[in-house]
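Now for the letters of each chain:
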Amino acid sequence: MSVLKSDKSPIQKTSPARHGARALGAFTLFGMLAAATPASAQVTLNVNSWAGPTYPLATQTVELCESINTATEGRVVCNILPKAVASPTQTFDAVASGIVDIGYIVHGYTAGRFVLTKAVEFPLFGDTAETMSVAYQRVFDKMLAAGNEHEGVKVLAVHTHGPGQMFNIRKEIKTLADLNGLKMRVGGGVINDVSQVIGVVPLLKPATEVYEMLSSGVADGVFFAKDGVVPYNLPEVVKFATFVPGGMYNISFGWLANPEKWESIPEADRALIEPLIGENLARAIGKKFDEADQVAIAALEKANIPMTTADEAFVSELASTTESLRSDWIAEASKLGVDGAAVLQALQDAMKEVEAE
């Protein structure tokens with residue numbers, strides 16, 4: 001039986017002892033190389049998403065996760081949980097404790113917990129979610145983050161939805177007096193306070209109960225951003241819509257990550273993810289809300305729902321009637337070491353900068 005060789009030299013026999021020594025040496029060399037080369041383990045981020053699958057928050061979650069996967073070439077991936085393990089009011093604590101790694105919150109859903117984020121929730125802030133969100137992110141980074149209201153989590157971005165408006169089943173709203181005594185669903189935050197100073201009876205309920213409240217007559221109307229019109233089937237039940245330039249109110253959102261989990265992502269990959277969050281994430285989700293608002297307008301038109309635009313007199317009266325709320329907030333912010341008046345001015349200045357870009 002012949003032996004195939006790669007050269008013409010005779011085959012040399014190796015003693016068992018010498019063979020073992022070579023094997024041990026090779027094993028040791030392999031161990032040294034393995035110790036010197038970091039393992040390229042994949043990092044998985046468990047994501048809590050409680051919004052409906054077609055709502056901008058949910059669709060942006062999917063896009064953000066896809067972008068993270070692409071940017072890191074699959075080294076960092078998301079596991080968007082098929083069912084939310086934390087409700088909107090529980091998400092902050094779930095992220096902070098590590099039950100989930102990433103989640104988004106509505107600041108106003110937890111009464112008394114967040115003060116500084118109310119800065120963007122007052123009436124007449126702006127007309128597009130994109131502009132408001134980018135301006136908000138810039139001012140948050142410069143003036144609000146230092147207030148440390150998000151201690152225990154990493155803030156990935158802050159933003160708003162489109163301006164909050166009015167939908168009702170009773171009558172056309174042309175003046176603030178037309179709202180007096182109406183039972184209106186509110187979702188938390190500054191709109192609760194606005195409701196009280198303009199004479200509305202606020203009903204604090206989640207968005208998921210709006211359809212039933214209106215169809216049964218328990219509520220006369222709802223303060224809602226346009227983005228909720230289609231997901232919650234408002235054209236089937238509302239009879240009137242009133243749009244206030246600048247909005248009756250707004251809502252502040254935050255996207256959060258667990259700090260320890262975030263730090264577990266290799267530094268090089270975190271550097272690739274950073275351009276996807278902050279202002280870029282705020283702008284992206286703002287655009288989604290603006291697109292949803294346009295879909296809502298089309299749906300209301302199709303259902304022949306009359307849409308009234310509030311006039312200058314309405315806007316002026318709303319501004320003066322709610323001015324005390326801004327003054328009260330400025331005093332609250334001062335207790336946290338933040339110049340509230342400067343923040344409100346900075347937001348208006350940032351809005352103009354974004355609009356001019």
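Our subject is the structure listed above.
Structure report, in brief. Remember, predicted model here, so these are calculated numbers, not experimental data.

Viewed as axis vectors pointing N to C, helix H4 (residues 129-144) and helix H9 (residues 279-302) meet at an angle of 160°, and their least axial separation amounts to 7 Å. Comparing the axis directions of H4 and H9 gives the class roughly antiparallel. The hand of the H4/H9 crossing is right-handed. Packed against H4, whose contacting residues are Ala-129, Glu-130, Ser-133, Val-134, Gln-137 and Arg-138, the element H9 presents Glu-279, Ala-282, Arg-283, Gly-286, Lys-287, Phe-289 and Asp-290 at the interface. Class assignment of the residues belonging to the contact of H4 with H9 gives a composition of 4 nonpolar, 3 polar and 6 charged.

Counting residues in each nonpolar core, the largest one holds 72 residues, and the members touching the most others are Leu-57, Met-166, Leu-179, Ile-198, Phe-223, Met-248 and Phe-314. Residue contributions to this core peak at 8 residues, all from H4. Setting aside anything within four residues of it in sequence, one finds Leu-179 in contact with Met-166, Ile-173, Ile-198, Gly-199, Val-200 and Met-248. Ranked by size, the runner-up nonpolar core spans 19 residues in total, among them Val-222, Phe-224, Val-238 and Phe-243.

In this section: the side chain of Ser-195. Examined against the element boundaries, Ser-195 turns out to sit in helix H5 (residues 190-197). A residue is classified by how much of its surface remains accessible, and Ser-195, at 0% relative accessible area, is buried. A distance of 2.8 Å separates the side chain of Ser-195 from the backbone oxygen of Ile-191, its partner in a polar contact. Contacts of Ser-195, omitting those with residues within four sequence positions, involve Val-186, Val-200, Pro-202 and Phe-223.

This brings us to the environment of Lys-261. Tracing the sequence through the fold places Lys-261 in helix H7 (residues 259-264). For Lys-261, a relative accessible area of 24% puts it in the partly exposed group. Once the C-alpha coordinates of Lys-261 and Gly-98 are considered, the two residues, 163 residues apart in sequence, prove to be 7.8 Å apart. Lys-261 has contacts with Val-43, Thr-44, Leu-45 and Asp-101, leaving out every residue within four places of it along the chain.

This structure, assessed with the given rule, holds 10 aromatic pairs. Considering the side-chain rings of Phe-223 and Tyr-249, the 6.4 Å spacing of their centres and the 80° angle between planes classify their relative orientation as edge-to-face. One end of the pair, Phe-223, is in strand S8 (residues 221-225); the other, Tyr-249, is in the loop between strand S9 (240-243) and strand S10 (252-257), with 26 residues separating them in the sequence. You'll find Phe-223 and Tyr-249 in the same group, each marked buried. Between Phe-224 and Tyr-232 the ring centres are 5.7 Å apart and the planes differ by 55°, which places this aromatic pair in the tilted class. Its relative accessible area of 6% is what places Phe-224 among the buried residues.

Per the stated rule, a full pass over the model turns up 3 cavities of 30 Å³ or more. As for the largest cavity, its lining consists of Pro-88, Thr-89, Phe-92, Ile-105, Val-106, Thr-110, Arg-113 and Phe-114.

Rules used in this analysis
- Residues numbered from 1 in each chain as written.
- Predicted model: local features only at pLDDT ≥ 70, side-chain atom pairs only at ≥ 80, totals over all residues.
- Heavy atoms only, no water.
- Axes fitted to C-alpha atoms, helices over the stretch in contact; angles between N-to-C directions.
- Helix = DSSP H or I, 4+ residues; strand = E, 2+ residues; numbered from the N terminus.
- Parallel < 35°, antiparallel > 145°, perpendicular 65-115°, else oblique.
- Left-handed = near helix turned anticlockwise from the far one by under 90°.
- Contact = heavy atoms within 4.5 Å.
- Nonpolar A, V, L, I, M, F, W, Y, C, P; charged D, E, K, R; others polar.
- Core = buried A, V, L, I, M, F, W, Y, C linked by side-chain atoms within 4.5 Å.
- Buried < 20%, exposed > 50% of the residue type's maximum accessible area, 1.4 Å probe, protein only.
- Polar contact = N/O pair within 3.5 Å; in protein donor to acceptor, adjacent residues only side chain to side chain.
- Phe/Tyr/Trp six-rings, centres within 6.5 Å; stacked < 30°, edge-to-face > 60°.
- 1 Å grid on protein atoms, 1.4 Å probe; cavity = no way out; pocket = protein on both sides within 12 Å on 5 of 7 lines; lining within 4 Å.
- Points joined across faces, edges and corners; volume = space filled by probe spheres on them.

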